[in-house]
Amino acid sequence: MDGQPRRLQRPRRRGGHARRARSVRPSRAEGPDYGPLLLPLDDEQLADTLRAGWNAFWSYDPDLTEAARPLHDWLSHPTDSDIRGLADYARVLVRTGLLEYCSDVTRAESDDVLGLLITRMRSYSERQSTGEFFTPAVATNFMGDMLFSSGRRPGDLLLEPTAGTGTMARSAAATMRFCGTDPAAYRWWLNDLDPLNAACCAVNAQIWRLGRQVTVSCGDALKHPRLLEEAVQERAERACAEQKARPVLYPTTTRPPFWPWQSVPPS
Ligand SMILES: C[S@@+](CC[C@H](N)C(=O)[O-])C[C@H]1O[C@@H](n2cnc3c(N)ncnc32)[C@H](O)[C@@H]1O
């Protein structure tokens, strides 16, 4: 080798990344098929189902659910227009293949959809103030390969102090899987200054199957790394204690759905 990192050749995906999902079916044959159950629901029922989904996440991992709070807190006091908007948007997402995207790890790890969404939602000047310009997939994929080719071992901690929505972790996990290693065998710590970015990291960690040893935090990684560590520890302890006292995060009439990764034993 000439010292240059070798670009790993990933096999081409059938149909390529641009393949359009036309149905609501998840692509895993054994996966639950929620699409036909979700689409006929009325607006209130869809909101109730979404609450039930967060309840399932809460029972699976209270600490990550706490980190994701900016994404679901509004469900405890939504306005009528929030509910209408949510329901319309949810139906569009389900019809255009959100469930397929989430249930197919190869597709989910091909790009950071939440990161792309955040980039669209924020103005250029907003993003400029914290340097919030996420690295495109074509560059992070190359960096993921470099990271993994330099002798990582299961159990190592992979720390991203300015993670954005976590797209570097996405690429690293994709490279690991490509090389036959389970990303869940590693420890991950994703931090960002922005609470919404950190919340997206918590959800992305599920979508990208990073496993049970994931920490997501929101703080200034450059000024106070030690304080950040203490805050993370405290939040995890608080969230676990709260979850024991309050097994349901949001009251619902819908039964919590099967949580796809619930059967994975802690590594
Ligand atoms: C250029 S983006 C990179 C994000 C990600 N690492 C990537 O490659 O896509 C920089 C990120 O750092 C975050 N950030 C800026 N200052 C920070 C600080 N002091 N502590 C933690 N995160 C910070 C911003 O919110 C932003 O999401």
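How each quantity is defined
- Residues numbered from 1 in each chain as written.
- Predicted model: local features only at pLDDT ≥ 70, side-chain atom pairs only at ≥ 80, totals over all residues.
- Near = placed C-beta within 6 Å.
- Nonpolar A, V, L, I, M, F, W, Y, C, P; charged D, E, K, R; others polar.
- Helix = DSSP H or I, 4+ residues; strand = E, 2+ residues; numbered from the N terminus.
- Expected span 1.5 Å × (residues − 1).
- Buried ≥ 20, exposed ≤ 12 C-beta atoms within 10 Å, placed from the backbone.
- Contact = placed C-beta atoms within 7 Å.
- Core = buried A, V, L, I, M, F, W, Y, C linked by C-beta atoms within 7 Å.

The protein chain carries the name DNA methylase adenine-specific domain-containing protein in an unreviewed UniProt entry, which gives Streptomyces bacillaris as its organism.

A. Representation of the site of the ligand within the structure. Near the ligand, the surroundings consist of 20 residues, among which Phe-134, Thr-135, Thr-162, Gly-164 and Leu-193 are the closest. Residues belonging to the shell around the ligand are distributed by class as follows: eight nonpolar, eight polar and four charged.

B. Quick look at helix 12 (residues 195-207). Across its 13 residues, helix 12 extends 19 Å between first and last C-alpha, which sits within 8% of the 18 Å expected from 1.5 Å per residue. With respect to burial, helix 12 is a largely interior element, 10 of its 13 residues being buried. Within helix 12, the full set of buried residues consists of Asn-197, Ala-198, Ala-199, Cys-200, Cys-201, Ala-202, Val-203, Asn-204, Ala-205 and Gln-206. Those residues of helix 12 that are buried are in contact with helix 3 (62-67), helix 4 (69-72), helix 8 (113-121), helix 11 (167-178), strand 2 (187-192) and strand 3 (214-218). Residue Arg-209 follows helix 12 closely and has a positive phi angle near 55 degrees.

C. Just the nonpolar core, in detail. Ala-169, Trp-188, Cys-201, Ala-202, Ala-205, Leu-210 and Val-216 are the most contacted members of the largest nonpolar core, which totals 31 residues. Looking at this core, the elements that each hand over two or more residues are helix 3, helix 8, helix 11, strand 2, helix 12 and strand 3. Ranked by residues supplied to this core, first place goes to helix 12 with seven residues. Those residues in contact with Cys-201, other than ones at most four positions away along the chain, are Ala-163, Thr-165, Gly-166, Leu-190, Asp-192 and Val-216. The next biggest cluster of nonpolar side chains, apart from the first, holds seven residues, and it includes Ala-47, Trp-54, Trp-58 and Leu-249.

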